[in-house]
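# Coordinates in review
One letter stands for each residue in the lines below.
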Amino acid sequence: MKPRVAFFDFTGCEGCQLDALNLDGEQLLDLLAAVDIVNFREVMTERSDNYDIAFIEGSISRESEIGRLQKIRDQAKVLVALGACACIGGINCLKNHVPMEEALRTVYGEDARYYDTIPARPANAVVTVDYYVRGCPPQPAELIKVVKALLLNKKPDIPGYVECKMAGNVCVFERGMTCLGPVTRAGCGAICVNSGRICWGCRGLVDEPNINSEKDILKKYGLTVDQVVEKFKIYDTFAEVTK
Ligand code: SF4
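What you see is a predicted model; the values in this text were computed from it and never measured.

## A few points about the overall build of the chain
Of regular secondary structure, the chain possesses ten helices and five strands. For 243 residues, the compact-globule estimate of 2.2 N^0.38 gives 18 Å, and the C-alpha radius of gyration of the chain, at 19 Å, lies within 12% of that figure. Summarising its shape, the C-alpha atoms of the chain cover approximately 55 × 50 × 25 Å along the three principal directions. Relative to its 243 residues, the chain shows a buried fraction of 44%. Considering only contacts within the chain whose residues lie at least 6 apart along the sequence, 72% involve residues at least 24 apart.

Encoded structure:
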């Protein structure tokens, strides 16, 4: 029997789920041959609470989402956080810097009283997460890699090195900009830097960043630690406000 897979959306833009649907034809067919998708609101009306693997998209930003995620965790044998919002909190955590009433009022104005909100958090702040598919949105190829690994009961092979130099890019710092690439988890193939942009750290901070090396880089280019930390606020605010 094929593993039953379910996709669930919490607070997010649903770009991660769209990205999963953007797998190229062959990859999508391979995926559908390997698993039974039993729950995926964006593409099917059928629903089943009988699943083995749950993909979680979005961060947890309402009280009701805590219980919902815990129920999914109880049911799923394997739980995968899909995308920056679910893996590290993502851009929703920007609101954690202001009182929740203010966040509600800013978004909903006079109707704020009809809504509830709590500080946004990643899935692993509520339940145990088994696997992570990082990025905003994640790379389809990485999603396939993680699915294959979990079907084989193996650890996904995600690169641990910074990929921008290997792709032949001139360092972003040499172009007069700041970049989070040196301290961000690899695995995206340096997609933003390859397109002439900077790395905003959507995959989160590496486990053991080489702080001294990063400081040397900043010193070399006349930058301060604060200038770089400011950039992490886009995606990794949860880590910052909880440390
Ligand atoms: Fe949208 Fe990015 Fe969050 Fe995915 S990680 S839901 S693409 S904001």
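## Considering the site of the ligand
Neighbouring the ligand are Gly-12, Cys-13, Glu-14, Gly-15, Cys-16, Glu-57, Gly-83, Ala-84, Cys-85, Gly-135, Cys-136 and Pro-137. At the level of secondary structure, the elements contributing two or more residues to the shell around the ligand comprise helix H1 (15-21) and helix H4 (84-88). Looking at the shell around the ligand residue by residue, the classes come out as six nonpolar, four polar and two charged.

## A look at the environment of Phe-173
Mapped onto the elements of the fold, Phe-173 is located in the loop between helix H6 (140-151) and helix H7 (191-194). The class for Phe-173 is buried, based on a relative accessible area of 4%. The residues touching Phe-173, leaving out its near neighbours within four places in the chain, are Thr-178, Cys-179, Pro-182, Ile-217, Leu-218, Tyr-221 and Leu-223.

## Topic: helix H9 (residues 225-232)
All of the buried residues in H9 are Val-228, Lys-231 and Phe-232. Each buried residue of H9 lies within a common arc of 110 degrees when the element is viewed along its axis, so the set occupies one face.

## Observations concerning the nonpolar core
Within the largest apolar cluster, 23 residues are counted, with the highest numbers of intra-cluster contacts made by Phe-8, Phe-10, Tyr-51, Ile-56, Leu-69, Ile-72 and Leu-79. Elements with a contribution of two residues or more to this core: strand S1 (4-9), strand S3 (53-57), helix H3 (63-75), strand S4 (78-82) and H4. Ranked by residues supplied to this core, first place goes to H4 with four residues. Beyond its immediate chain neighbours, meaning those up to four positions away, Tyr-51 contacts Arg-4, Ala-6, Phe-8, Val-38, Ile-72, Gln-75 and Ala-76. Core analysis: the second largest hydrophobic core is formed by 21 residues, Phe-7, Val-35, Val-78 and Val-133 among them.

## Re the sheet that holds strand S2 (residues 36-40)
The strands making up a sheet are joined through hydrogen bonds of the backbone, oriented either antiparallel or parallel. One open sheet accounts for five strands, arranged S2-S1-S3-S4-S5; its pairing is parallel. The open sheet has two free edges, formed respectively by S2 and strand S5 (131-133), since each of these has just one partner strand. For this sheet, the mean inter-axis angle between neighbouring strands, taken without regard to orientation, is 20 degrees. Sheet strands touched by H6: S3, S4 and S5. Its angle to S5, the strand with the most contacts, is close to 165 degrees.

## Some details on the packing of aromatic side chains
Summed over all chains, the structure comprises five aromatic pairs. Summarising the aromatic geometry, the rings of Tyr-108 and Tyr-115 are spaced 3.9 Å apart at their centres and angled 10 degrees between planes, so their arrangement reads as stacked. A relative accessible area of 36% places Tyr-108 in the partly exposed class. Lying over the aromatic face of Phe-10, Arg-68 brings its terminal NZ or CZ to 4.2 Å of the ring centre. Over the ring of Tyr-132 we find Arg-134, and its NZ or CZ is 4.7 Å from the ring centre.

## Let's talk about the pairing of S4
Judged by how many residues are buried, S4 sits mostly within the fold: five of five residues are covered. Going residue by residue along S4, you find Val-78, Val-80 and Leu-82 tucked away on one face and Leu-79 and Ala-81 tucked away on the opposite face as well. The pairing of S3 with S4 spans five bridges and is classified as parallel. From the neighbouring strand, Glu-57 faces S4, where its bridge partner is Leu-82. For the segment spanning S3, H3 and S4, crossover handedness is right-handed. The pairing of S4 with S5 spans three bridges and is parallel. Note on S5: the bridge partner recorded for Val-80 is Tyr-131.

## Section: the confidence of the model for the chain
Averaged over all residues, the pLDDT of the chain is 89; the fraction at 70 or higher stands at 98%. Taken element by element, the chain is modelled with least confidence in helix H10 (residues 237-242), mean pLDDT 64, and with most confidence in H3, mean pLDDT 98.

Reading guide: rules and limits
Residues numbered from 1 in each chain as written. Predicted model: local features only at pLDDT ≥ 70, side-chain atom pairs only at ≥ 80, totals over all residues. Heavy atoms only, no water. Helix = DSSP H or I, 4+ residues; strand = E, 2+ residues; numbered from the N terminus. Rg over C-alpha atoms; globule rule 2.2 N^0.38 Å. Buried < 20%, exposed > 50% of the residue type's maximum accessible area, 1.4 Å probe, protein only. Contact = heavy atoms within 4.5 Å. Near = heavy atom within 4 Å. Nonpolar A, V, L, I, M, F, W, Y, C, P; charged D, E, K, R; others polar. Arc of directions from axis to C-beta. Core = buried A, V, L, I, M, F, W, Y, C linked by side-chain atoms within 4.5 Å. Pairing = 2+ DSSP bridges. Axes fitted to C-alpha atoms, helices over the stretch in contact; angles between N-to-C directions. Phe/Tyr/Trp six-rings, centres within 6.5 Å; stacked < 30°, edge-to-face > 60°. Lys NZ or Arg CZ within 6 Å of the ring centre and 35° of its normal. Right-handed = clockwise from strand over helix to strand, strands pointing away. pLDDT = per-residue confidence, 0-100.

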